[in-house]
Amino acid sequence: MALRIGRSRLPQLLTKAEMTQAELARRIKLSESFISKVIAGERKLSVIKMKMSAVALDCNMDDLYEWIED
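Everything numeric here is computed off the predicted structure, so don't read it as measured data.

A. Local environment of the packing of aromatic side chains. One pass over the structure, following the stated rule, counts one aromatic pair. Measuring from ring centre to ring centre gives 6.4 Å for tyrosine 65 and tryptophan 67, while their planes differ by 75°; the resulting arrangement is edge-to-face.

B. Up close: the nonpolar core. Membership of the largest hydrophobic core comes to 18 residues, with the highest contact counts inside it found for Leu10, Leu24, Leu45, Leu57 and Leu64. Sorting the residues of this core by element identifies helix 1 (10-17), helix 2 (21-28), helix 3 (32-40) and helix 4 (47-57) as the ones contributing at least two each. Counting residues per element, this core draws most heavily on helix 4, which supplies four residues. Not counting chain neighbours up to four residues away, the residues in contact with leucine 24 comprise Leu10, Leu14, Met19, Ile35, Ser53, Ala56 and Leu57.

C. Examining the pattern of salt bridges more closely. In this structure the tally under the stated criterion is three salt bridges. Across the pair arginine 27 and glutamate 23 runs a salt bridge whose closest N-O atoms are separated by 2.8 Å. In this pair, arginine 27 and glutamate 23 are both assigned in helix 2, four residues apart and thus about one turn of the helix distant. Overall, the relative accessible area of 23% leaves glutamate 23 in the partly exposed class.

D. Summary view of the side chain of lysine 49. Counting through the fold element by element, lysine 49 comes out in helix 4. Within the buried core, lysine 49 has no salt-bridge partner, and the shortest N-O distance to an opposite charge, that of glutamate 32, equals 15 Å.

E. A look at unusual backbone geometry. Phi is positive for glutamate 18, close to 50°, though the residue is something other than glycine. Classification of glutamate 18 as exposed rests on a relative accessible area of 74%. Backbone geometry places lysine 29, a non-glycine residue, at a positive phi of 60°. Considering the arrangement of structural elements, one finds lysine 29 in the loop between helix 2 and helix 3.

Rules used in this analysis
- Residues numbered from 1 in each chain as written.
- Predicted model: local features only at pLDDT ≥ 70, side-chain atom pairs only at ≥ 80, totals over all residues.
- Heavy atoms only, no water.
- Phe/Tyr/Trp six-rings, centres within 6.5 Å; stacked < 30°, edge-to-face > 60°.
- Core = buried A, V, L, I, M, F, W, Y, C linked by side-chain atoms within 4.5 Å.
- Buried < 20%, exposed > 50% of the residue type's maximum accessible area, 1.4 Å probe, protein only.
- Helix = DSSP H or I, 4+ residues; strand = E, 2+ residues; numbered from the N terminus.
- Contact = heavy atoms within 4.5 Å.
- Salt bridge = Lys/Arg side-chain N within 4 Å of Asp/Glu carboxyl O.
- Lys, Arg positive; Asp, Glu negative; His and termini not counted.

Rendered as structure tokens:
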């Protein structure tokens, strides 16, 4: 089975956590513009940044993106 990263789920997770993009960016030491690009699908988070985001948002790393089976 092959998987690829789909759409970012950050908007929903940020809303659920009552957190702004700026706050998440600050917590994981990235720029707010980078977070915006992740949400737009222009960039992807590294594994370390995915783990840091998951901790900040109180979710699993798998929850950060939709996963597409090929």
